[in-house]
Amino acid sequence: MKPTLLILAAGMGSRYGGIKQLDQFGPNGETIIDYSLYDAIRAGFGKVVFIIREELRNDFEEVFGPKLKGKIDYDYAIQGFQSYVPEELGQVERAKPWGTGHAMLCGWEQTQTPFAIINADDFYGLEAFELVADFLNTSTNDSEHTLIAYQVKKTLSENGTVSRGVCEVNDEGYLDVVTERTKIFPQDGKIYFEESDGLTELSPETPVSMNFWGFKPSIFPITQELFTDYARHNYNAPKAEFYIPVVATHLIKSGLGKLKVIPNASEWFGVTYPEDKPTVHAALKKLHEDGKYPSQLW
């Protein structure tokens, strides 16, 4: 069975100041999601699941439905504040969605095959989709998953700090630790992350997670168990978020699974701040001019 692509598109875009999932960045008004969809189809994915908030469903159907019809199966999964929250907790008051790990869990019902999961507002490139599709099509171990890693030097923004999952990889190429660093930035030709105790330098080639994961369906019951515990401890914390790296770390430490880190030398670009938009527009325009994408995607 062809793998499924889950797209994390329920975020609020607080730093961007709008619904960047549907904003236009390409030379013909394409969203960043358009490029991920186009590359996923080229790489052999068989289905797309948009993980969104309920109020975005009509907009997503209007924008993407006509483009995907007849090309690939697609569906929607709703990430609600109450989704998968234990009933005994009652109504949960939230300021934002529960995070990427919870979003992945919300796509369980619509996902019957090995799957990749990505951010809606990141451009990953065709190579990344081909690498993850090859892994999902060939790995026969249900407890073996993957992470497509990028070099941190290729994932920075000129307009502010970025959050990245900094990876430590063992000699066999599997993930040992992924640590979320929320303030990474370039300065004076070097790259640092900032914490309360000061600055730490990162090698430019440090592998980082851009939330491009490949999982087998066995991940869902594990994620549900972890999120249930997390929700019980954080139901009164309206900004608490349950991230995919928490699930990955649990897999490794518990021995329930392992994650193959697949290096990817492609240029990444994405949108964190409004000031990023001209840079992304220029990069996409050049990709069309260089023949990496046709003049019209659809």
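For the structure, see preceding data.
**Q** Tell me about the pairing of strand β1 (residues 4-8), and name the residues and values.
**A** Judged by how many residues are buried, β1 sits mostly within the fold: five of five residues are covered. Neither face of β1 is exposed, since T4, L6 and L8 on one face and L5 and I7 on the opposite face are all buried. Of the pairings in the sheet, the one linking β1 to strand β2 (residues 47-52) comprises five bridges and is parallel in character. Residue L6 lies in a different strand from β2, and its bridge partner there is V49. Bridge count for β1 against strand β4 (residues 115-119) is five bridges, and the pairing is parallel. Paired with L8 across the two strands is N119, which belongs to β4.

**Q** Please give an account of the nonpolar core that cites residues and values.
**A** Core analysis: the largest hydrophobic core is formed by 42 residues, its most contacted members being I7, F45, F50, F60, Y124, F129 and F212. Ranked by the residues each element gives to this core, the list is headed by helix α4 (residues 126-138), at six residues. Setting aside residues no more than four positions away along its own chain, F212 makes contact with A116, I117, I118, Y124, A128, F129, V132, L147, I148 and Y150. Formed by 36 residues, the second largest nonpolar core is a distinct cluster that contains V49, V85, Y230 and A231.

**Q** Residue-level account of the pattern of salt bridges, with values.
**A** By the definition in use, this model includes ten salt bridges. K285 is the salt-bridge partner of E289, the closest N and O atoms lying 2.5 Å from each other. With a gap of four residues between them, E289 and K285 both fall in helix α7 (residues 277-289), about one helical turn apart. What makes E289 exposed here is its relative accessible area of 55%.

**Q** Go over the environment of F220, please, and point to the residues and values.
**A** The residue F220 is located in helix α5 (residues 219-234) in this model. Placed 109 residues apart in sequence, F220 and T111 show a C-alpha to C-alpha distance of 9.7 Å. Those residues in contact with F220 that sit more than four places away from it in its chain are M104, L105, G107, W108, T111 and F115.

**Q** Outline unusual backbone geometry, listing residues and values.
**A** One non-glycine residue, D188, lies in the positive phi region at around 55°. Within the secondary structure, D188 sits in the loop between β8 (175-187) and β9 (190-195). You will see that N211, though not glycine, has its phi angle at about 65°, which is positive. Position of N211 among the secondary structure elements: in strand β11 (residues 207-215). A relative accessible area of 12% places N211 in the buried class.

Each value, and the rule that gives it
Residues numbered from 1 in each chain as written. Predicted model: local features only at pLDDT ≥ 70, side-chain atom pairs only at ≥ 80, totals over all residues. Heavy atoms only, no water. Buried < 20%, exposed > 50% of the residue type's maximum accessible area, 1.4 Å probe, protein only. Helix = DSSP H or I, 4+ residues; strand = E, 2+ residues; numbered from the N terminus. Pairing = 2+ DSSP bridges. Core = buried A, V, L, I, M, F, W, Y, C linked by side-chain atoms within 4.5 Å. Contact = heavy atoms within 4.5 Å. Salt bridge = Lys/Arg side-chain N within 4 Å of Asp/Glu carboxyl O.

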